[in-house]
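Secondary and tertiary structure notes
Below are the chains, spelled out letter by letter.
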Amino acid sequence: RDHAGEVILSIDDALRLVHDVAELLRAEETLQQVQLQQVVVVGDLHGQFFDLLRIFDRTGKVSESNPYLFNGDFVDRGAF
């Protein structure tokens, strides 16, 4: 790349970019805020049903008192 190893964005510009994007995301309400005492975070299951069952065995089933947050890919890989 022609710019490899060169500064193409100043620290001030990078910080401003991060700030502006954060403000945009907050304004568009694409991020949900929730108030929980605890949450089980699960990511990138890739369609692995038996991995999901193993997670439930280890951390309990989803319920009001045991909420889950699923991130990442849920399908697209695996036999099940």
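What follows deals with helix H1 (residues 11-27). Counted at 1.5 Å a residue, the expected span for H1 with its 17 residues is 24 Å, and the 24 Å between its end C-alpha atoms agrees. Residue glutamate 29 follows H1 closely and has a positive phi angle near 55 degrees.

Turning next to the pattern of salt bridges. Taken as a whole, this structure holds three salt bridges when the rule is applied. Residue arginine 26 is joined to glutamate 23 by a salt bridge in which the shortest nitrogen-to-oxygen separation is 3.1 Å. With a gap of three residues between them, arginine 26 and glutamate 23 both fall in helix H1, about one helical turn apart. Look at glutamate 23 and you get partly exposed, because its relative accessible area is 38%. Residue aspartate 51 is joined to arginine 54 by a salt bridge in which the shortest nitrogen-to-oxygen separation is 3.0 Å. Taken as a pair, aspartate 51 and arginine 54 lie in helix H2 (residues 49-59) at a separation of three residues, close to a single helical turn.

What counts and what doesn't
- Residues numbered from 1 in each chain as written.
- Predicted model: local features only at pLDDT ≥ 70, side-chain atom pairs only at ≥ 80, totals over all residues.
- Heavy atoms only, no water.
- Helix = DSSP H or I, 4+ residues; strand = E, 2+ residues; numbered from the N terminus.
- Expected span 1.5 Å × (residues − 1).
- Salt bridge = Lys/Arg side-chain N within 4 Å of Asp/Glu carboxyl O.
- Buried < 20%, exposed > 50% of the residue type's maximum accessible area, 1.4 Å probe, protein only.

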